[in-house]
Structures are given as structure tokens and as C-alpha cells.
Amino acid sequence: MAQLNITLNQEEILQLLSKDHDQAFRELLRKSLNSILMAESPAQLVPGKNILHTN
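The rules behind these values
Residues numbered from 1 in each chain as written. Predicted model: local features only at pLDDT ≥ 70, side-chain atom pairs only at ≥ 80, totals over all residues. Heavy atoms only, no water. Salt bridge = Lys/Arg side-chain N within 4 Å of Asp/Glu carboxyl O. Helix = DSSP H or I, 4+ residues; strand = E, 2+ residues; numbered from the N terminus. Buried < 20%, exposed > 50% of the residue type's maximum accessible area, 1.4 Å probe, protein only. Polar contact = N/O pair within 3.5 Å; in protein donor to acceptor, adjacent residues only side chain to side chain. Patch = residues over 30% accessible without salt bridge, like charges linked within 9 Å, V, L, I, M, F, W, Y side chains within 5 Å. Areas by Shrake-Rupley, 256 points an atom, 1.4 Å probe, with all protein chains shown as cover. Contact = heavy atoms within 4.5 Å.

> Explanation requested: the pattern of salt bridges in the structure shown.
Within this structure, the stated rule accounts for two salt bridges. A salt bridge links R30 to E27, with the nearest nitrogen and oxygen atoms 2.5 Å apart. Remark: E27 and R30 occur in helix α2 (residues 21–44); sequence separation between them is three residues, near one turn of the helix.

Structure below.
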């Protein structure tokens with residue numbers, strides 16, 4: 001199982017505690033998932049294995 005460490009700044013914490021916390025949570029989740037994808041993407045890029053097909 002993967003472990004994630006998330007760093008929040010004061011503004012992000014205040015947004016999560018605000019009335020509009022749903023939007024803040026969506027943004028936090030989006031940032032977290034993008035970070036995971038960026039960390040995983042180098043493992044997916046293997047030289048000589050990536051082929052771009054165009055029509």
C-alpha cells in the first residue's frame with residue numbers, strides 16, 4: 001500500500017475548515033492525484049517502448 005505525505009499551507013487549511021469546504025476538498029484531491037501521477041509518470045516512460053501512432 002502506498003503512503004502519501006501531503007503538505008498544506010495555512011490558506012488551504014482555512015479553506016477546508018470554511019463553509020465552502022467541498023470545493024477546497026476537491027481542489028486538494030485534484031492536487032494530490034496530480035502529484036501521484038507526476039511521480040509515477042517517469043516509471044511509465046521507458047525509452048524505445050513508447051510509440052506515438054498518428055493517422
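> Hey, could you run me through the environment of N9 in this one?
Among the secondary structure elements, N9 is positioned in the segment before α1 (10–17). Owing to a relative accessible area of 40%, N9 belongs among the partly exposed residues under this scheme. Among the polar contacts listed, one links the side chain of N9 to the backbone nitrogen of E12, at a separation of 2.8 Å.

> I'm lost on a nonpolar patch on the surface in this one. Help?
A contiguous nonpolar patch, built from L4, I6, L8, I13 and L17 and spanning about 480 Å² of accessible area, is present on the exposed surface. Residue position: L8 is located in the segment before α1. Residue classification places L8 among the partly exposed positions, given a relative accessible area of 32%.

> Help me out: how do you make sense of the side chain of E12 in this one?
Secondary-structure assignment places E12 in helix α1. Of the residues examined, E12 reaches a relative accessible area of 16% and is grouped as buried. Here the side chain of E12 touches K31 through a polar contact of 3.1 Å, side chain to side chain. Not counting chain neighbours up to four residues away, the residues in contact with E12 comprise T7 and K31.

> Can you walk me through the environment of L8 in this structure?
Sequence separation between L8 and L28 is 20 residues; the distance between their C-alpha atoms is 8.9 Å. For L8, the residues in contact, after removing those within four places along its chain, are I13, L16 and L28.

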